[in-house]
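Remarks on the overall topology
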Amino acid sequence: FMGKKYACSPKALYQAMLQDPYYASWKKVWAFRNPEEYRFLEQDENTRVVEYRKKEYYQAYAQAAYWITNSRLPREVVPKKNQEYIQCWHGTPLKKLGFDILTSTNAMNSVTEIRSKYRNDAKRLTYLLSPCKFVTEKFITAWNLEEFDKSNAVLEIGYPRNDYLVNYKNEDIAKIKKSLGLEDCNKKIILYAPTWRDNQHDAKTGYTYDNPVDFDYLKEQLGDEYIIIFRAHYLVANQFDFDAYKGFIYNASAYDDINDLYVISDLLITDYSSVFFDYAILNRPMLFYMYDMEEYRDEMRGFYFGTDKLPGPILKTESELVESINAVMSGNGSNYDYKAFNNEYNPMNDGRATERLVKKIFGKN
């Protein structure tokens, strides 16, 4: 996430390498915007932490045989012929990406500028990960890979980060809850993870999120039985003040790995974020709070498929939200076929994606 978090597929790959003696002598470098927060990684004698876009960062890129990331690299970082750039990406897209965006209200980039960034990324990448045929097709067009004769660069092997959602243990849940101060929580846990809005932006801090939810109403209606874990998108820079909702809302926007939040939650509420594709692996209920659906779909990005294919109901008011939460959590809500959804969008997320990636890029049997 551009040096912001220790998470996602790069983390999954790194941890797999730490557990395998074959990679014991390999030098591994992590880049973070706040490197001091991640010095614990240097407990491994062959791991080094550097600061994002500083001198050591560029030196590491110049020397490394493999580059592993989950978002576009800065334009100035260009691989040599003997270097491989593995683009893991960070989600299965509902909203259009790159060259597939035809119209946009993006506050920072025009459609032309967006395409330029994806073209620059396409020139450099060696591999781009995909979890299914649908994503493979969209990534080829979004990065315009045919222009560079790189359609075969997409590896349809699954997302390594999602191996955890298949392989986690009950003791992991207890450990995560304790880290969040929820070890004594007997209430049901709702994870609310909205995405960012292209047209909400502050010139000084970057993308912001104007939270439209009436949390006073939700606390009144749900506070006795539920707590909400709020998770903002990694691009959102503004801070959220939930002091008035202490004990009901827990702000986990700064928490590195959203996988942990998935596995401890009983229900997901999102909008246009890719999180629902991953959450479906857990076969737990999802609700889509799309209060601005027409504006987002028609003016900001556009979708890759119709909202009728979403694995949960679309809601536009807080009262509908409360009603649906109570319905699905009591077992009286609509039943969605997560098996069919996963067969289409998560067929390769079987807990072995990291193994397949290691074999492909490192040639290890």
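What this report covers is the structure whose coordinates are included nearby.

Cut-offs applied
- Residues numbered from 1 in each chain as written.
- Predicted model: local features only at pLDDT ≥ 70, side-chain atom pairs only at ≥ 80, totals over all residues.
- Heavy atoms only, no water.
- Core = buried A, V, L, I, M, F, W, Y, C linked by side-chain atoms within 4.5 Å.
- Buried < 20%, exposed > 50% of the residue type's maximum accessible area, 1.4 Å probe, protein only.
- Contact = heavy atoms within 4.5 Å.
- Pairing = 2+ DSSP bridges.
- Helix = DSSP H or I, 4+ residues; strand = E, 2+ residues; numbered from the N terminus.
- Axes fitted to C-alpha atoms, helices over the stretch in contact; angles between N-to-C directions.
- Parallel < 35°, antiparallel > 145°, perpendicular 65-115°, else oblique.
- Left-handed = near helix turned anticlockwise from the far one by under 90°.
- Nonpolar A, V, L, I, M, F, W, Y, C, P; charged D, E, K, R; others polar.
- Salt bridge = Lys/Arg side-chain N within 4 Å of Asp/Glu carboxyl O.

Here we take up the nonpolar core. Residues Leu94, Trp143 and Phe276 are the most contacted members of the largest nonpolar core, which totals 79 residues. Trp143 has contacts with Trp89, Leu97, Phe99, Tyr118, Asp121, Ala122, Leu125 and Leu128, leaving out every residue within four places of it along the chain. Of all hydrophobic cores here, the second largest spans 24 residues; its members include Phe215, Phe248, Leu287 and Leu315.

The strand order β11-β10-β7-β12-β13-β14 describes an open sheet built from six strands, whose pairing is parallel. Strands at the two margins of the open sheet, each flanked by one partner only, are β11 (249–251) and β14 (314–315). Note that strand β7 (residues 188–193) and strand β10 (residues 226–230) share five bridges and pair parallel. Paired with Ile190 across the bridge in β10 is Ile228.

This part takes up unusual backbone geometry. Phi angles above zero are rare outside glycine, and Trp89 is one such case at about 55°. Within the secondary structure, Trp89 sits in the loop between β4 (84–87) and α3 (111–124). On the basis of relative accessibility, which here comes to 5%, the residue Trp89 falls in the buried class. Despite not being glycine, Asn144 has its phi angle at roughly 50°, a positive value.

Next up on the list: the packing of helix α7 (residues 215–222) against helix α11 (residues 318–329). Their axes nearest at 10 Å, the elements α7 and α11 cross at an angle of 30°. Viewed along their axes, α7 and α11 adopt a mutual orientation that is roughly parallel. Crossing of α7 against α11: the hand is right-handed. Only Glu318, Ser319, Val322, Ile325 and Asn326 of α11 make contact with α7, whose side of the interface consists of Tyr217, Leu218, Gln221 and Leu222. Among the residues forming the contact of α7 with α11, the class breakdown is five nonpolar, three polar and one charged.

Another point: the pattern of salt bridges. Summed over the entire model, instances satisfying the criterion amount to twelve salt bridges. Here Arg124 ties to Asp121 by a salt bridge, and the two come within 3.4 Å at their closest N and O atoms. You can see Arg124 and its partner Asp121 sitting in helix α3, three residues apart, about one turn around the helix. Pair check on accessibility: Arg124 and Asp121 agree, each one buried. One salt bridge in this structure joins Lys316 and Glu294, with 2.6 Å as the shortest N-O distance. Of the two residues, Lys316 is situated in the loop between β14 and α11 and Glu294 in helix α10 (residues 293–300); the sequence distance between them amounts to 22 residues.

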